[in-house]
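# Observations on chain architecture
Residues per chain, in single letters:
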Amino acid sequence: MQFDDATLVEMLRRSYLACDGLWFVKVEQACGLAEAFDLDYEVWEVIPKIQARKARELLRVNDNAPDDLAHCFSLKLTADGHTFDLDTDPGGVRVTIHNCPWLALLENSERRHLAARVAQTICPTEGRVWCAEFGAEYTFDMPQMACSGAAHCEMRFSRKDMAP
């Protein structure tokens, strides 16, 4: 049997999201919420390295310019199923996320009350690791988080050499 790419992507995306959520719940049940967050943090210290390196390979990106980072990071966001806008300039990359599949997963599993803590633990870690994978030429901040009640998420990768 053969399947179109969209069907395969959706199947893998759903499996990835479900695996992450199920893993977290099982660790929480076995070890408690604090330990689940600690282990989740450790996992998300590594996953972005794998994603950034694979994105560079697939997209044949060797440089660290804002457009290169934006190209690779947009592949990650698209693969995850985010709806987003992305702006680049010589000073860095600004990402506005309008729809986050991770937040939707928390809402659908009736665990919305954990969303802010998840976002404050995982998203900045992920951004920081992506910065490091692009030659540590960037800093990362996230002034708005939908999981914390904002209308959308805003992620900023700022070039260190362009700081005021």
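Look above for the structure.
Rules of the game
- Every chain begins its residue count from 1, and numbering advances along the sequence as written.
- Residues qualify for local features only when their pLDDT is at least 70, as the model is predicted, and side-chain atom pairs are given and counted only at 80 or more; totals for whole chains, interfaces and linings, by contrast, use all residues.
- The side-chain quantities take in all heavy atoms of the structure and omit both hydrogens and water.
- Comment: elements are numbered from the N terminus, with helices defined as DSSP H or I runs of at least four residues and strands as E runs of at least two.
- For this measure, only C-alpha atoms enter the radius of gyration; the expected value for a globule follows 2.2 Å times N^0.38, where N is the number of residues.
- Only heavy atoms enter the contact rule, under which two residues are in contact if any of them lie within 4.5 Å.
- The accessible surface values rely on the Shrake-Rupley method and a 1.4 Å probe; as for residues, cover is taken only from the protein chains in view.
- Under the convention used here, Asp and Glu are negative, Lys and Arg are positive, and both His and the chain ends fall outside the count.
- Charged side chains are reduced to one point each, which is NZ for Lys, CZ for Arg, CG for Asp and CD for Glu.
- When DSSP finds at least two bridges between two strands, those strands are taken to pair.
- Only C-alpha atoms enter the line fits that serve as axes; for helices the fit covers just the stretch in contact. Angles between N-to-C directions range over 0 to 180 degrees.
- Roughly parallel here means an angle under 35 degrees, roughly antiparallel means over 145, roughly perpendicular means 65 to 115, and every remaining angle is called oblique.
- Should the near helix be turned counterclockwise from the far one by less than a right angle, the crossing is left-handed, whereas a clockwise turn marks it as right-handed.
- Here a polar contact is recorded for every N or O atom pair within 3.5 Å, except that within protein the pair must consist of a potential hydrogen donor and a potential acceptor, and residues adjacent in sequence are included only if both atoms are side-chain atoms.
- Any pair of Phe, Tyr and Trp rings, taking the six-membered ring for Trp, is counted once the centres come within 6.5 Å. Such a pair is stacked with planes under 30 degrees apart, edge-to-face with planes over 60 apart, and tilted for the rest.
- Per-residue accessibility, obtained with a 1.4 Å probe over protein chains only, is compared with the maximum for each type, and a residue is labelled buried under 20%, exposed over 50%, and partly exposed between these values.
- Any carboxyl oxygen of Asp or Glu that lies within 4 Å of a side-chain nitrogen of Lys or Arg is treated as forming a salt bridge with it.

### Concerning the overall build of the protein chain
- Within the protein chain, the secondary structure is distributed over six helices and four strands.
- Along the chain direction, N to C, the helices and strands of the protein chain fall in the order α-α-α-α-β-β-α-α-β-β.
- For the protein chain, the C-alpha radius of gyration of 16 Å lies close to 15 Å, the compact-globule estimate for 164 residues.
- Along the first, second and third principal axes, the C-alpha set of the protein chain runs to 45 × 45 × 30 Å.
- For the protein chain, the share of sequence-separated contacts (at least 6 apart) that also reach a separation of at least 24 residues comes to 52%.
- Looking at the protein chain as shown, the accessible area adds up to about 9400 Å², and 55% of this sits on carbon and sulfur atoms.
- Taken together, the 17 basic and 26 acidic charged side chains of the protein chain have centroids lying 2 Å from each other.

### Quick word on the pairing of strand β1 (residues 83–89)
- Two strands pair when backbone bridges link them, and β1 and strand β2 (residues 92–99) are joined in this way by seven bridges, in the antiparallel orientation. Bridging from a neighbouring strand, Asp85 pairs with Thr96 of β2.
- Counting the residues that bridge the hairpin from β1 to β2 gives two residues.

### Observations regarding the packing of helix α1 (residues 5–31) against helix α2 (residues 33–43)
- For the pair α1 and α2, interaxial distance at closest approach is 7 Å and the crossing angle is 140 degrees. Of the possible angle classes, the one that applies to α1 and α2 is oblique. When you trace α1 past α2, the crossing you get is right-handed. Between α1 and α2, the residues in contact are Asp20, Trp23, Phe24, Val27, Glu28 and Cys31 and Leu33, Glu35, Ala36, Phe37, Leu39, Asp40 and Val43, respectively.

### A closer look at the environment of Lys54
- As for its placement among the helices and strands, Lys54 is situated in helix α3 (residues 47–59).
- For the pair Lys54 and Glu35, spaced 19 residues apart in sequence, the C-alpha separation works out to 29 Å.
- A distance of 3.1 Å separates polar atoms of two side chains, one belonging to Lys54 and the other to Glu57.

### Topic: the packing of aromatic side chains
- Per the counting criterion, the structure on display carries seven aromatic pairs.
- Taking the centre distance of 5.5 Å and the plane angle of 80 degrees together, the rings of Tyr16 and Trp102 count as edge-to-face. Highlighted residues: Tyr16 in helix α1 and Trp102 in helix α5 (residues 101–108), separated in sequence by 86 residues.
- Of the residues examined, Trp102 reaches a relative accessible area of 17% and is grouped as buried.
- Measuring from ring centre to ring centre gives 5.8 Å for Trp44 and Trp102, while their planes differ by 85 degrees; the resulting arrangement is edge-to-face. In this pair, Trp44 sits in the loop between α2 and α3 while Trp102 sits in helix α5, placing the two residues 58 residues apart along the sequence.
- The class of Trp44 is buried, set by a relative accessible area of 5%.
- Within the aromatic cluster, the residues linked to one another by ring pairs are Phe73, Trp130, Phe134, Phe140 and Phe157.

### A few points about the pattern of salt bridges
- Enumeration according to the criterion identifies 13 salt bridges in this entry.
- Residue Arg94 is joined to Glu154 by a salt bridge in which the shortest nitrogen-to-oxygen separation is 3.1 Å. Of this pair, Arg94 sits in strand β2 while Glu154 sits in strand β4 (residues 153–159), and the two are 60 residues apart along the sequence.
- For Arg94, a relative accessible area of 33% gives the class partly exposed.
- Because the salt bridges share partners, they merge into one network encompassing Asp87, Arg94, Asp141, Glu154 and Arg156.

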